[in-house]
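A closer look at the structure
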Amino acid sequence: MLLEVRNIEKSFEKGVPVVKGVSFSVHENEIFALLGPSGCGKTTTLRMISGFERLDRGEVKLDGITLSSENTQVAPQKRGIGFVFQDYALFPHMSALDNVAFGLTDLPKFKRRVFAEEVLCRTGMGDYKDRNPAELSGGQQQRVALARAIAPEPKLVLLDEPFSNLDAMLRDTTRKEVRSILKRAGMSAILVTHDQEEALSFADRIAVMNDGKIEQIGTPEEVYYKPKTKFVAQFLGRTNLFEADVENSDMIDTKLGSLRLNCRANGPVVCSIRPEHLTIEKPNGAAEGCSKGVIVGREFKGHDITYYVECSGERYIVHTDNRILFEPDDEVVVKPLEPAVVLD
Ligand SMILES: Nc1ncnc2c1ncn2[C@@H]1O[C@H](COP(=O)(O)OP(=O)(O)OP(=O)(O)O)[C@@H](O)[C@H]1O
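Here the structure is a predicted model, which means the values were calculated and not measured.

1. Points about the pairing of strand β15 (residues 304-311)
- Examined bridge by bridge, strand β14 (residues 292-300) and β15 share 6 bridges and lie antiparallel to one another. When the bridges of β15 are listed, Glu299 appears paired with Thr306.
- Between β14 and β15, which pair antiparallel one after the other, the connecting turn spans 3 residues, and Gly302 there sits at a positive phi close to 85 degrees.
- Judged from the 8 bridges that link them, β15 and strand β16 (residues 314-321) form a sheet pairing that is antiparallel. The residue of β16 that forms the bridge with Glu310 is Arg315.
- The hairpin turn running from β15 into β16, its antiparallel successor, is 2 residues long, and Ser312 in that turn takes a positive phi close to 45 degrees.

2. So, unusual backbone geometry
- Positive phi values are uncommon outside glycine, yet Glu161 reaches one of about 45 degrees.
- Here Glu161 lies in the loop between β7 (156-160) and α5 (168-185).
- Glu161 sits in the partly exposed class, given 19 other C-beta atoms within 10 Å.
- Positive phi, normally seen in glycine, also occurs at Ser312, with a value near 45 degrees.
- Mapped onto the secondary structure, Ser312 falls in the loop between β15 and β16.

3. What to know about the domain arrangement of the protein
- Per the domain assignment, the segments of the protein are domain 1 (3-234) and domain 2 (238-342).
- Centre-to-centre separation of domain 1 and domain 2, based on C-alpha positions: 39 Å.
- Listed per partner, the contact involves 5 residues of domain 1 and 5 residues of domain 2.
- Residues that form the side of domain 1 that touches domain 2 fall into these classes: 2 nonpolar, 1 polar and 2 charged.

4. Focus on the UniProt feature "domain: ABC transporter" (unreviewed entry) in the protein
- Under the feature "domain: ABC transporter" (unreviewed entry), the UniProt entry names residues 3-236.
- Note that residues 3-236 is 34% helix and 26% strand, and that its end C-alpha atoms are spaced 25 Å apart.

5. Structural notes on the sheet that holds strand β10 (residues 213-218)
- If you walk across this open sheet you meet the 6 strands as β6-β7-β8-β3-β9-β10, and the pairing is mixed. Every other strand in the sheet has two partners, leaving β6 (81-84) and β10 as the edge strands with one partner each. Across the sheet, the axes of successive neighbouring strands diverge by a mean angle of 20 degrees, strand direction being ignored.
- Bridge count for strand β3 (residues 31-35) against strand β8 (residues 188-193) is 5 bridges, and the pairing is parallel. Counterpart to Phe32 in the pairing with β8 is Ile190.

6. Quick word on the nonpolar core
- Of all hydrophobic cores here, the largest spans 82 residues; its most connected members are Val100, Val157, Ile190, Leu191 and Val334.
- Ranked by the residues each element gives to this core, the list is headed by helix α4 (residues 138-150), at 6 residues.
- Formed jointly, this core draws a minimum of three residues from each of two domains, domain 1 (3-234) and domain 2 (238-342).
- If near-sequence neighbours (up to four positions away) are discounted, Val334 is found in contact with Leu256, Leu278, Ile280, Cys290, Gly293, Val309, Cys311, Tyr316 and Val318.

Conventions adopted
- Residues numbered from 1 in each chain as written.
- Predicted model: local features only at pLDDT ≥ 70, side-chain atom pairs only at ≥ 80, totals over all residues.
- Pairing = 2+ DSSP bridges.
- Helix = DSSP H or I, 4+ residues; strand = E, 2+ residues; numbered from the N terminus.
- Buried ≥ 20, exposed ≤ 12 C-beta atoms within 10 Å, placed from the backbone.
- Domains from an automatic or database assignment.
- Contact = placed C-beta atoms within 7 Å.
- Nonpolar A, V, L, I, M, F, W, Y, C, P; charged D, E, K, R; others polar.
- UniProt positions renumbered as here; feature names shortened; annotations may be inferred.
- Axes fitted to C-alpha atoms, helices over the stretch in contact; angles between N-to-C directions.
- Core = buried A, V, L, I, M, F, W, Y, C linked by C-beta atoms within 7 Å.

In structure tokens form, the structure reads like this:
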């Protein structure tokens, strides 16, 4: 285990807690994401790991050594952790090369520039070493910021919304490049983001945060396909929720008809099924036990289609591939392709 965060807590003024007992670990060479809505405490958590913020309770350990606790506070520059911020925070009056060389205080002066150039080449920025930040695009500045963070060879790099200033196309490619640079360098990273697609595509594991707490930690597939809570199900994409009482069964009665659950349940149940795990058919070809519905809306997106189907007064979302063509007011039945996931 590289990083261990145990039960950390933080309140600002008036004693209102913003981080409420957060725990997680990050392995060697693992990319971890803290994902959640604005204000849920992601940045504060990252700042407690970096040492820019003191914690009220709990502990942060790197490689078994305590960096933060109620009685310990190792200075940020002594933690062996690299940082990349949203606004890159490059020194504007310095060249890309000098920006990267700046933090290499452990090396003799003559070696700093040689090594800095080597790291700039690794991030694909060797040809731009003499340019100042103002002469670089957002994506290029981001790569220089990453080169600066990884040049001292930290075991862990913290990334706070580092792609949010880039336009959609550049964000995608920069994300892929940064991930492969970190993996090749054998470093671990924690990404803070409110963008679920970014977390799903960038991280090996994700902690989904809500209101100062972690609701679920898992691989992208686990948190997406098997959300534990209503919040996780809804934050990671669109979903259909059902509530019903179940008597020791793995089936649930809904307005769509009978749905299979992913486990046996007893008592009141809330379950979720993703729109792409439902499909629609003409009523005549439908299996027994399905209720009829009507298409009330449709979004054609080229590679797929979103349908809104009303069934006994409830509205459901169905994503289909682009071969399943219906029009508004068409009568359909909605069929599940996967079991519904029971939430906590
Ligand atoms: N220095 C501070 N003093 C007082 N309150 C603060 C301070 N820093 C953060 N907060 C509050 O703590 C809460 C959590 O903030 P934080 O920045 O950690 O959230 P976040 O999840 O990173 O949000 P965002 O995605 O908008 O950056 C917010 O309500 C914020 O207003």
